[in-house]
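Residue-level structural notes
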Amino acid sequence: MATLLRFAPSPTGALHLGGLRTALYNYLYAKRTGGKWILRIEDTDRARAVPGAVWGIQNALQWAGLDYDHGPGKPGSHGPYFQSERLDLYHSYAHKLLDSGHAYRCFCSADKLAATREKLARTGSNSTYDKSCLHLTEEEATRKVRAGEKFIVRLNDGKLPVRPSGYDLVFKNLKDAHASLPTDPVLLKSDSFPTYHLASVVDDYEMGITHVVRGEEWLPSLPLHLDLYACLNLPMPQFAHLPILLNPDGTKMSKRKGDVDVLDYQKRGWEPSVILNWLALAGWGVQDASSSSSFKQAPDSTTLMSMEDMIKNFDFSVLTHRRSVLDPAKLEFLNKHHLMRLMTTPDGLRKLAERAHSYVNVAYPLSPYSEFQYLEKVIFALQGRISKLSDIPTLGSFFFVEPDYTSHEAQKMRQLLSSDNYSAVVQSLGARLRTSGVSWDIAALSEVLHDENAKSSLKQKEYMTILRHALTGMKTGPSVADTMYVLGPARTIARLQASHP
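Every value quoted in this text rests on a predicted model; they were computed, and no experiment measured them.

What to know about the overall build of the protein chain
Of the regular secondary structure elements, the protein chain holds 20 helices and eleven strands. Expected size for 501 residues packed as a compact globule is a radius of gyration near 23 Å; at 32 Å, the protein chain overshoots this value by more than 25%. Per-residue burial over the protein chain gives 50% buried out of 501 residues. Taking the intrachain contacts of the protein chain between residues at least 6 apart in sequence as the baseline, contacts between residues at least 24 apart amount to 77%. Within the protein chain, one finds 58 positive and 53 negative side-chain charges whose respective centroids are separated by 2 Å.

Written out as structure tokens, the structure reads:
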């Protein structure tokens, strides 16, 4: 049987990093096993639905390169892919549970339910409902329905079939956790929409899902879901619950706290493949020796991995059940080295230049220095300094506009430099460069600077600081020779003259 997985977010906000990791693991396992994965929108909580959220989820997945096989916009045999369009299906399964006595209608009002919970809590009971509607006769329940009374459908947790204990591909053998569940959990709400519990079980069965991959926060609900499979006499899929991601301060990462919106990372210029690399390695432990003939060591948490590498090496047995901190410093390291790797090939460098073009144009719309060939030189000069392409306009501003010698940084640099030495250095180098014999390549320019430095009798640090100020107005940047090479002869000579008229 071919593997089929699903990523099933709720449209209650932007796709966050934890959700993207769940989608990634679904994608990796489907690709590794030759299976497929679908996108299913779990939109049964109408009160929390956010307009445009579905588009945002699809856009974030597309940016990350995680193309689902079927789902919204990609019809397939498992549709429809919005739970709000599958209500008749949930109602039919609710009726099956009612007919078998595994569920019953509850007509208690919200006020009565609140009073009941409060009363039970005062007595020290762990129950959350007194099951009063369980004792209604079929005739009484039917009369209330015909009278138009609103009701919910509850699972009768006093009539559960015997079933195997829970097992999870990440957390392994699970202890019984029924005590953490509410009394007679709600399956169908008064608005006729299902709860997550009924809808997810029905959909996973009807769609033929073989592996349910979701966040650890659903682990306490697993006993209820297994009960539903047993009550409906349905085959169970395999489950893999992913440990929660933590902020650097150890708090739980969530939509309401921290920097977690996937599209924000897109806007700030992070590489999508690196975001996936970063997320994949968060919680990637070691392979269980019993699951394979060979024991596979976990990749280092800053290992650069291509999508092909991740597909080849991924398995649920390599995931740790410990919660993992998502360290921004590791993302910066991975992104920087990913860019450096791309710079080593002409094709990779050209693609980076094409993508950097928009950042430069936004920052410096009037600059004439934004053609791809020029940007390739800029990117190569800034290698090892930029962590993401959006850093280029800030860290390499002097490549696109003239230096601002009136800035606080430039003035502070200038105050530490002798005026006589400054004048001698820029005039001597300017005169040398105006001769026709200087070859404009980095090696030749480095040799010229070495000779000029020797003639000046200045220490190299002071000599280069003078030139760095003259050419860039900034304390840090690429080497002076690299900067001159990118600027070209005319702009270099003009800046040497402009810095000390």
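Notes on the pattern of salt bridges
A complete count under the given rule lists 23 salt bridges for this structure. A salt bridge links Lys-388 to Asp-391; the nearest nitrogen and oxygen atoms lie 3.3 Å apart. For Lys-388, a relative accessible area of 15% puts it in the buried group. For Asp-391, a relative accessible area of 16% puts it in the buried group. The network of salt bridges with common partners includes Arg-6, Arg-40, Glu-42, Arg-86, Asp-203 and Asp-204.

Observations concerning the sheet that holds strand 7 (residues 186-188)
What the three strands build is an open sheet, ordered 3-4-7; its pairing is antiparallel. The open sheet has two free edges, formed respectively by strand 3 (103-106) and strand 7, since each of these has just one partner strand. On average, each strand axis in the sheet is inclined to that of its neighbour by 40°, with strand direction left out of account.

A short note on the packing of aromatic side chains
Evaluated as defined, the whole model comprises 14 aromatic pairs. Arranged with centres 6.1 Å apart and planes meeting at 45°, the rings of Tyr-265 and Trp-278 form a pair that is tilted. Taken together, the residues Tyr-265 in helix 8 (residues 262-267) and Trp-278 in helix 9 (residues 272-281) connect sequence positions 13 residues apart. Assessed through its relative accessible area of 7%, Tyr-265 is described here as buried. Put simply, the rings of Tyr-25, Tyr-29, Trp-284, Phe-314 and Phe-316 pair up and form one aromatic cluster. For the cation-ring pair, Arg-268 lies above Tyr-265, with the distance from its terminal atom to the ring centre recorded as 4.8 Å. We note Arg-491 situated over the ring of Tyr-369; from NZ or CZ to the ring centre the distance is 3.5 Å.

What about the environment of Val-186?
Position of Val-186 relative to the elements: it lies in strand 7. The class for Val-186 is partly exposed, based on a relative accessible area of 25%. For the pair Val-186 and Trp-55, spaced 131 residues apart in sequence, the C-alpha to C-alpha distance is 30 Å. Val-186 has contacts with Ile-152, Val-153, Arg-154, Thr-195 and His-197, leaving out every residue within four places of it along the chain.

With respect to the packing of helix 1 (residues 17-32) against helix 9
Two numbers describe a pair of packed helices, the interaxial angle and the distance between the axes. Two numbers describe how helix 1 lies on helix 9: the axes approach to 10 Å, and their chain directions differ by 85°. Judged by the angle between their axes, helix 1 and helix 9 are roughly perpendicular. For the pair helix 1 and helix 9, the contacting residues are Leu-17, Leu-20, Arg-21, Leu-24 and Tyr-25 in the first and Ile-275, Leu-276, Trp-278, Leu-279 and Ala-280 in the second. Its residues assigned to classes, the contact of helix 1 with helix 9 shows nine nonpolar, no polar and one charged.

Quick look at the confidence of the model for the protein chain
Summary statistics for the protein chain give a mean pLDDT of 92 and a share of 96% for residues scoring 70 or more. Low pLDDT, under 50, characterises residues 286-296; the stretch is placed with 16 contacts to residues that sit more than four places away or in other chains.

Focus on unusual backbone geometry
Following Gly-79, the chain continues to Pro-80 via a peptide bond in cis, the omega torsion being 0°. With respect to the helices, strands and loops of the structure, Pro-80 is situated in the loop between helix 2 (53-64) and helix 3 (87-100). A positive phi angle, close to 75°, is found at Ser-192, a residue other than glycine. Along the polypeptide, Ser-192 turns up in the loop between strand 7 and helix 6 (196-206). Among the residues examined, Ser-192 registers a relative accessible area of 35% and is labelled partly exposed.

So, how was this worked out
- Residues numbered from 1 in each chain as written.
- Predicted model: local features only at pLDDT ≥ 70, side-chain atom pairs only at ≥ 80, totals over all residues.
- Heavy atoms only, no water.
- Helix = DSSP H or I, 4+ residues; strand = E, 2+ residues; numbered from the N terminus.
- Rg over C-alpha atoms; globule rule 2.2 N^0.38 Å.
- Buried < 20%, exposed > 50% of the residue type's maximum accessible area, 1.4 Å probe, protein only.
- Contact = heavy atoms within 4.5 Å.
- Lys, Arg positive; Asp, Glu negative; His and termini not counted.
- Charge placed at Lys NZ, Arg CZ, Asp CG, Glu CD.
- Salt bridge = Lys/Arg side-chain N within 4 Å of Asp/Glu carboxyl O.
- Pairing = 2+ DSSP bridges.
- Axes fitted to C-alpha atoms, helices over the stretch in contact; angles between N-to-C directions.
- Phe/Tyr/Trp six-rings, centres within 6.5 Å; stacked < 30°, edge-to-face > 60°.
- Lys NZ or Arg CZ within 6 Å of the ring centre and 35° of its normal.
- Parallel < 35°, antiparallel > 145°, perpendicular 65-115°, else oblique.
- Nonpolar A, V, L, I, M, F, W, Y, C, P; charged D, E, K, R; others polar.
- pLDDT = per-residue confidence, 0-100.

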